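# Per-entry structural report
In case you want the letters, here they are:
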Amino acid sequence: MIPFAISRLHTEYGIIRAQGSWHAQLVTNTQLTSLEQLSTDGWVKLDVSHPANSQFIAVISPLVHQHLLSQNS
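The structure contained in this document is the topic of the report that follows.

About the cut-offs
Within any chain, residue numbers begin from 1 and follow the written order of that chain's sequence. Local features in a predicted model are, by the rule used here, given only for residues with pLDDT of at least 70; side-chain atom pairs are given and counted only at 80 or more, and totals for whole chains, interfaces and linings are based on all residues. Heavy atoms throughout the structure, all of them, feed into the side-chain values; hydrogens and water do not. By definition here, a salt bridge exists when the distance from a side-chain nitrogen of Lys or Arg to a carboxyl oxygen of Asp or Glu is within 4 Å. A helix here means a DSSP run of H or I that spans at least four residues, while a strand means a run of E at least two residues long, and both kinds are numbered starting from the N terminus. The buried label goes to any residue with under 20% of its type's maximum accessible area, the exposed label to any with over 50%, and the partly exposed label to all in between, with areas taken from a 1.4 Å probe on protein chains only. We call two residues in contact when some of their heavy atoms are within 4.5 Å. By this definition, two strands are paired if DSSP reports at least two bridges between them.

## Quick word on the pattern of salt bridges
Pairing between side chains becomes possible if they bear opposite charge and their charged atoms approach one another. In the structure shown here, the tally under the stated rule is 1 salt bridge. One salt bridge in this structure joins Glu36 and Arg17, with 3.2 Å as the shortest N-O distance. Within this pair, whereas Glu36 is found in strand β3 (residues 26-39), its partner Arg17 is found in strand β2 (residues 14-23), the two being separated by 19 residues in sequence. Taking the relative accessible area as the measure of exposure, Glu36 reaches 16% and is therefore buried.

## Re the side chain of Asn53
With respect to the helices and strands, the residue Asn53 is situated in the loop between β4 (42-46) and α1 (54-71). A residue is classified by how much of its surface remains accessible, and Asn53, at 18% relative accessible area, is buried. With residues up to four places along the chain from it excluded, the contact list for Asn53 reads Leu46 and Asp47.

## Comments concerning the pairing of strand β1 (residues 2-11)
By the bridge criterion, 8 bridges tie β1 to β2 in an arrangement that is antiparallel. Following the sheet pairing, Phe4 is matched in β2 by Gly20. What sits between the antiparallel neighbours β1 and β2 is a turn of 2 residues.

Printed below as a string of structure tokens:
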């Protein structure tokens with residue numbers, strides 16, 4: 001697993017920044033350890049271990065993986 005840090009990623013779900021680890025060959029191995037979303041009041045830290053955020057993380061993780069692949073090609 002390779003550690004990563006994304007300072008700003010524009011998605012259709014908002015602007016996020018994320019940290020974690022990933023494996024270039026396996027989308028399912030993209031793991032987020034820190035996730036924040038930009039709101040009108042600044043960055044809001046999301047608890048990646050809280051079940052209420054699991055659906056958002058499931059949607060965002062493939063987008064993070066795709067971004068990482070585009071940066072490493």
